[in-house]
Amino acid sequence: MQRMNNKLCVITGAARGIGRAIAARFQAEGAIVIVTDIDTANGAATAAELGCRFEPLDVREEADWSRLAAVVPVADVVVNNAGVTGFEAGMVPHDPEHASLADWREVHRVNLEGTFLGCRYAMGAMKRAGTGSIINISSRSGLVGIPGAAAYASSKAAIRNHTKTVALYCAQQGWRIRCNSIHPAAILTPIWEPMLGSGPDRDARMQALTADTPLKRFGMPEEVAAIAVTLASDEATYVTGSEVNIDGGLLAGSAASPG
Ligand code: NDP
């Protein structure tokens, strides 16, 4: 039995990583999937491989969202997944003492402003039907302080809070539009590459990064997609304003203290 038959789903940052895995799983569950990404080459390639449609979308740009609203005016599910750590162009300081204002703002622009615009688009695309599911990809880093990634942690915490605001607003309007956040930790995707590097130390770095995780391994994007399917489907019609952790048990114990 397919769990998302004919649901029209828009996923941001879906060219690779968690977004791609969510797109693949939604597609397998019978959804009509629209892959979006700032990376048009990889986004189009991913969409072609999965057999779905691609729309270019830089989540920071209001004009891009307006264009999407014109070509995809209705949606049943929107996943605000696109996100950056701030380390994509190299390891610059992101601690609260040395981070530059420009770097701080850029991370918030993608993660927080992108999610704000994505939620706004989603409500517009869902309110006529009065039903839908918005899923915001936050992080374990939105629940604890991260000394070395202050902007990332701040932006992800704000996504968690905005999710609850959107959930309450939709309920107030009398819409059955739900909004929930997923909080992954240590999921093995290209987002980790700047931190893992290559060469002989890579395995040691992977082990070090998961040493505090009770399950002692990275999670896989498909494991996040499994949570997203439940939140997107009609199995979760009483779930709104909630957060789901997927972290190998990290937040369950004292290992929640950031390394
Ligand atoms: P990846 O870096 O593998 O994929 C992110 C995708 O988003 C890339 O295709 C990237 O394109 C795209 N993207 C970046 N900026 C924008 C933008 N402005 N507009 C549209 N698309 C953009 O990341 P993950 O799959 O690992 O992460 C997905 C989400 O999950 C993020 O929000 C991340 O913060 C969150 N998350 C991930 C965790 C993990 O361990 N992997 C843990 C906790 C949360 P390009 O390559 O061109 O930059």
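This text follows the structure it describes.
Criteria and cut-off values
- Residues numbered from 1 in each chain as written.
- Predicted model: local features only at pLDDT ≥ 70, side-chain atom pairs only at ≥ 80, totals over all residues.
- Heavy atoms only, no water.
- Helix = DSSP H or I, 4+ residues; strand = E, 2+ residues; numbered from the N terminus.
- Rg over C-alpha atoms; globule rule 2.2 N^0.38 Å.
- Buried < 20%, exposed > 50% of the residue type's maximum accessible area, 1.4 Å probe, protein only.
- Contact = heavy atoms within 4.5 Å.
- Areas by Shrake-Rupley, 256 points an atom, 1.4 Å probe, with all protein chains shown as cover.
- Axes fitted to C-alpha atoms, helices over the stretch in contact; angles between N-to-C directions.
- Parallel < 35°, antiparallel > 145°, perpendicular 65-115°, else oblique.
- Left-handed = near helix turned anticlockwise from the far one by under 90°.
- Nonpolar A, V, L, I, M, F, W, Y, C, P; charged D, E, K, R; others polar.
- Phe/Tyr/Trp six-rings, centres within 6.5 Å; stacked < 30°, edge-to-face > 60°.
- Pairing = 2+ DSSP bridges.

Trainee: Describe the overall build of the chain, listing the residues and the values that go with them.
Mentor: Looking only at helices and strands, the chain features eight helices and seven strands. Against the globule reference of 18 Å for 259 residues, the chain gives a C-alpha radius of gyration of 18 Å, in line with a compact fold. Reported as C-alpha extents along the three principal axes, the dimensions of the chain are approximately 50 × 40 × 35 Å. Here the chain holds 259 residues, and 47% of them are scored as buried. Summarising the internal contacts of the chain: among those between residues at least 6 apart in sequence, 69% fall at separations of at least 24. Of the roughly 11,900 Å² that the chain leaves accessible, carbon and sulfur atoms contribute 55%.

Trainee: Explain the packing of helix H4 (residues 101-126) against helix H5 (residues 150-172) to me, and be specific about the residues and the numbers.
Mentor: Packing of H4 against H5 brings their axes to within 9 Å, and their N-to-C directions diverge by 15°. It follows from the interaxial angle that H4 and H5 lie roughly parallel. As H4 runs across H5, the sense of the crossing is right-handed. Side by side, H4 and H5 meet where Trp104, Val107, His108, Asn111, Leu112, Thr115, Phe116, Cys119 and Met123 of the first sit next to Ala150, Ala151, Tyr152, Ser154, Ser155, Lys156, Ala158, Ile159, His162, Val166, Tyr169 and Cys170 of the second. Here the residues of the contact of H4 with H5 are counted per class, giving 14 nonpolar, six polar and one charged.

Trainee: Give a description of the packing of aromatic side chains that names residues and reports values.
Mentor: Tallying each qualifying case throughout the model produces three aromatic pairs. Between the aromatic rings of tyrosine 169 and tryptophan 175, the centroid separation amounts to 5.9 Å while the plane-to-plane angle is 75°, which identifies the pairing as edge-to-face. Taking 5.3 Å as the distance between ring centres and 80° as the angle between the ring planes, the aromatic pair formed by tryptophan 192 and phenylalanine 218 counts as edge-to-face. You can see tryptophan 192 sitting in the loop between strand E6 (176-184) and helix H6 (193-196) and its partner phenylalanine 218 sitting in the loop between helix H7 (202-209) and helix H8 (221-232), a full 26 residues away along the chain.

Trainee: Pulling in residues and values, what's your account of the environment of alanine 99?
Mentor: Residue position: alanine 99 is located in the loop between strand E4 (77-80) and H4. Of the residues examined, alanine 99 reaches a relative accessible area of 23% and is grouped as partly exposed. For the pair alanine 99 and alanine 151, spaced 52 residues apart in the sequence, the C-alpha separation amounts to 8.4 Å. Other than its neighbours up to four places away in sequence, alanine 99 contacts Pro93 and His94.

Trainee: So, the sheet that holds strand E2 (residues 32-37): which residues are in play, and what are the values?
Mentor: Strand order across the open sheet formed by seven strands is E3-E2-E1-E4-E5-E6-E7, with parallel pairing between neighbours. Two strands bound the open sheet, and with one partner strand each, they are strand E3 (53-56) and strand E7 (243-246). Averaged over all adjacent pairs, the angle separating strand axes in this sheet is 20°, with direction ignored. Where E2 meets E3, four bridges bridge the pair, whose relative direction is parallel. Counterpart to aspartate 37 in the pairing with E3 is proline 56. Running at roughly 165° to E3, helix H2 (residues 40-50) makes contact with E2 and E3 of the sheet. Running at roughly 165° to E6, H8 makes contact with E4, strand E5 (131-137), E6 and E7 of the sheet.

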